[in-house]
Amino acid sequence: MSSTVITFGELMLRLGSPGFERLLQSPMLCATFGGGEANVAVSLAQFGLDSHYVTRLPSNAIGDAAVRALRAEGVSTDFIVRGGSRMGVYFTETGASQRASTVLYDRANSAISEIPPDAVDWDRVMTNAGWFHVTGITPALGEKAAAATVAAVAAAGRGDVRVSVDLNYRKKLWTQPQAQAIMRPLMRDVDVVIANEEDLQCVLGIEVEGADVTSGALDVNAYREAAERVSRELGPSVVAITLRESLSASDNGWTAVLWDGQTLHQSQRYAVRLVDRIGGGDSFAAGLIYGLMTGRSYDKALGFAVAASALKQTIPGDFNRLSVAEVDALAGGDASGRVQR
């Protein structure tokens, strides 16, 4: 398989309050960039793959800075389209203990939500690619972004490129019927689906019966049945489901399962002291893509993905700045946190 990965989505300007302050508690915000598919692209570049990101950014100083930020992380920006009037913005406030984290979006009429149908030559983009990744956030941005997503997946199919989709349901962007109308038909051209329980229910209309993320208990049979339904009814051969136990805003349990069409694999569970949970799911997707692209078994690829995402949630910002060796050390059982010499 080619080591070239293509991701497509919205890159946003992230404005966060310092440390654990409330938003604008002090007149200061830290500016960085992030977004689901961009986060995946950065992780894969850090892992040494040929990572390309496709989006649409305005031709202004903020758009220029966003491109530089991606290039600094080793991501190829050759397929980025310039146009539109603004980038989406989101504001973050990091929670602690019993105070939940907060995210506020200002992304209406962003450049990518108004992407013209002929802005990207998808067949050219997919030439020599081995993998294409997108999330359910991108088609939720509007009709034009949805059409671009469908066109990209179709081009990947024509080019014999493997496709993964992280369902990532966002109720502030679209309703469950809207999500299912777009995403269920798309699944016939998808190889790997990544989701949590809410995503499966809201985006695909498939429930994990009896799931309770507060109990800490994992009903393996319920997850197997849900994953089997996704494959049987919609087509994807691989279904990965993450499970986050929200013990508090500071402490989470983190694990996942993967259905490969015959066997349900279950990962190790990590107790994570959160620094920044944003991008945790994206780093899981990147870890899984890396593991599968480099020929690891489903069990090993799942272990790598969960370890990568557990580590990412200890790093501020959207981007996952970890090496393969660091992830493998944790996946191999080194959870000591000792100084690396």
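Attention here is on the structure that accompanies the text.

About the thresholds
- Residues numbered from 1 in each chain as written.
- Predicted model: local features only at pLDDT ≥ 70, side-chain atom pairs only at ≥ 80, totals over all residues.
- Heavy atoms only, no water.
- Helix = DSSP H or I, 4+ residues; strand = E, 2+ residues; numbered from the N terminus.
- Rg over C-alpha atoms; globule rule 2.2 N^0.38 Å.
- Buried < 20%, exposed > 50% of the residue type's maximum accessible area, 1.4 Å probe, protein only.
- Patch = residues over 30% accessible without salt bridge, like charges linked within 9 Å, V, L, I, M, F, W, Y side chains within 5 Å.
- Areas by Shrake-Rupley, 256 points an atom, 1.4 Å probe, with all protein chains shown as cover.
- Salt bridge = Lys/Arg side-chain N within 4 Å of Asp/Glu carboxyl O.
- Lys, Arg positive; Asp, Glu negative; His and termini not counted.
- Charge placed at Lys NZ, Arg CZ, Asp CG, Glu CD.
- Pairing = 2+ DSSP bridges.
- Axes fitted to C-alpha atoms, helices over the stretch in contact; angles between N-to-C directions.
- Phe/Tyr/Trp six-rings, centres within 6.5 Å; stacked < 30°, edge-to-face > 60°.
- Expected span 1.5 Å × (residues − 1).
- Contact = heavy atoms within 4.5 Å.
- Parallel < 35°, antiparallel > 145°, perpendicular 65-115°, else oblique.
- Left-handed = near helix turned anticlockwise from the far one by under 90°.
- Nonpolar A, V, L, I, M, F, W, Y, C, P; charged D, E, K, R; others polar.

### Observations concerning the overall build of the chain
Check the secondary structure of the chain and you find 10 helices and 15 strands. In summary, the chain has a C-alpha radius of gyration of 19 Å against a globular reference of 20 Å for 341 residues, a match within 12%. Referenced to the eigenvectors of the C-alpha coordinate spread, the extents of the chain come out at roughly 50 × 50 × 45 Å. A buried classification covers 54% of the 341 residues belonging to the chain.

### Remarks on a negative patch on the surface
A contiguous patch of negative charge on the surface is contributed by Glu207, Glu209, Asp219 and Glu225. Here aspartate 219 is to be found in the loop between α6 (197-204) and α7 (220-234). On the accessibility criterion, aspartate 219 (39% relative accessible area) is partly exposed.

### Focus: the sheet that holds strand β7 (residues 89-93)
The strand order across the open sheet built from 4 strands is β3-β2-β7-β8, with neighbouring strands paired in mixed fashion. Looking along the sheet, the strands with just one partner apiece sit at the ends: β3 (30-34) and β8 (102-106). Looking at each pair of strands side by side, their axes are set apart by 25 degrees on average, direction ignored. In the sheet, β7 pairs with β8 via 5 bridges, with the strands oriented antiparallel. Residue pairing across strands places tyrosine 90 opposite tyrosine 105, the latter belonging to β8.

### Describing the packing of aromatic side chains
Within the structure shown, the criterion is met by 6 aromatic pairs. A centroid spacing of 4.9 Å and a plane angle of 75 degrees characterise the contact between phenylalanine 8 and tryptophan 122, whose relative ring orientation is edge-to-face. Residue phenylalanine 8 is located in strand β1 (residues 4-8), and its partner tryptophan 122 is located in helix α3 (residues 122-126); the two are separated by 114 residues in the primary sequence. One exposure class covers both phenylalanine 8 and tryptophan 122, and it is buried. Joined through ring pairs, the aromatic side chains of Phe8, Trp122 and Phe132 make up one cluster.

### A closer look at helix α4 (residues 143-158)
Owing to its 3.6 residues per turn, the α-helix brings residues three or four apart onto one side. When the terminal C-alpha atoms of α4 are compared, their 23 Å separation across 16 residues agrees well with the 22 Å that a helix rising 1.5 Å per residue should span. Those residues of α4 not exposed but buried are Ala145, Ala146, Ala148, Thr149, Ala152, Val153, Ala155 and Ala156. Contacts from the buried residues of α4 go to β1, α3, β9 (131-135), β10 (162-166) and α5 (176-186). Aspartate 160 sits one or two positions beyond α4 and adopts a positive phi of about 55 degrees.

### A closer look at the environment of threonine 127
When you line up the elements, threonine 127 lands in the loop between α3 and β9. Taking the relative accessible area as the measure of exposure, threonine 127 reaches 46% and is therefore partly exposed. Through-space distance from the C-alpha of threonine 127 to that of isoleucine 315 is 34 Å; in sequence the pair is 188 residues apart.

### Comments concerning the pairing of β7
With 4 of 5 residues buried, β7 is to be regarded as a mostly interior element. Pairing of strand β2 (residues 12-16) with β7 involves 4 bridges; the strand directions are parallel. Across the sheet, leucine 13 pairs through a bridge with valine 89, a residue of β7.

### Comments concerning unusual backbone geometry
Even without being glycine, leucine 24 reaches a positive phi, approximately 60 degrees. Mapped onto the secondary structure, leucine 24 falls in the loop between β2 and β3. With relative accessibility at 59%, the residue leucine 24 sits in the exposed group. Of note in the backbone geometry, asparagine 168 takes a positive phi value of approximately 40 degrees without being a glycine.

### Some thoughts on the packing of helix α8 (residues 280-293) against helix α9 (residues 298-312)
Contact geometry of α8 with α9 gives a least axis separation of 7 Å together with a crossing angle of 150 degrees. When the axes of α8 and α9 are compared, the pair comes out roughly antiparallel. Considering how the two elements wind past one another, α8 and α9 form a crossing that is right-handed. Listed contacts from α9 to Gly280, Ser283, Phe284, Gly287, Leu288, Tyr290, Gly291 and Leu292 of α8 are Tyr298, Ala301, Leu302, Phe304, Ala305, Val306, Ala308, Ser309 and Lys312. Tallied by class, residues from the contact of α8 with α9 come to 11 nonpolar, 5 polar and 1 charged.

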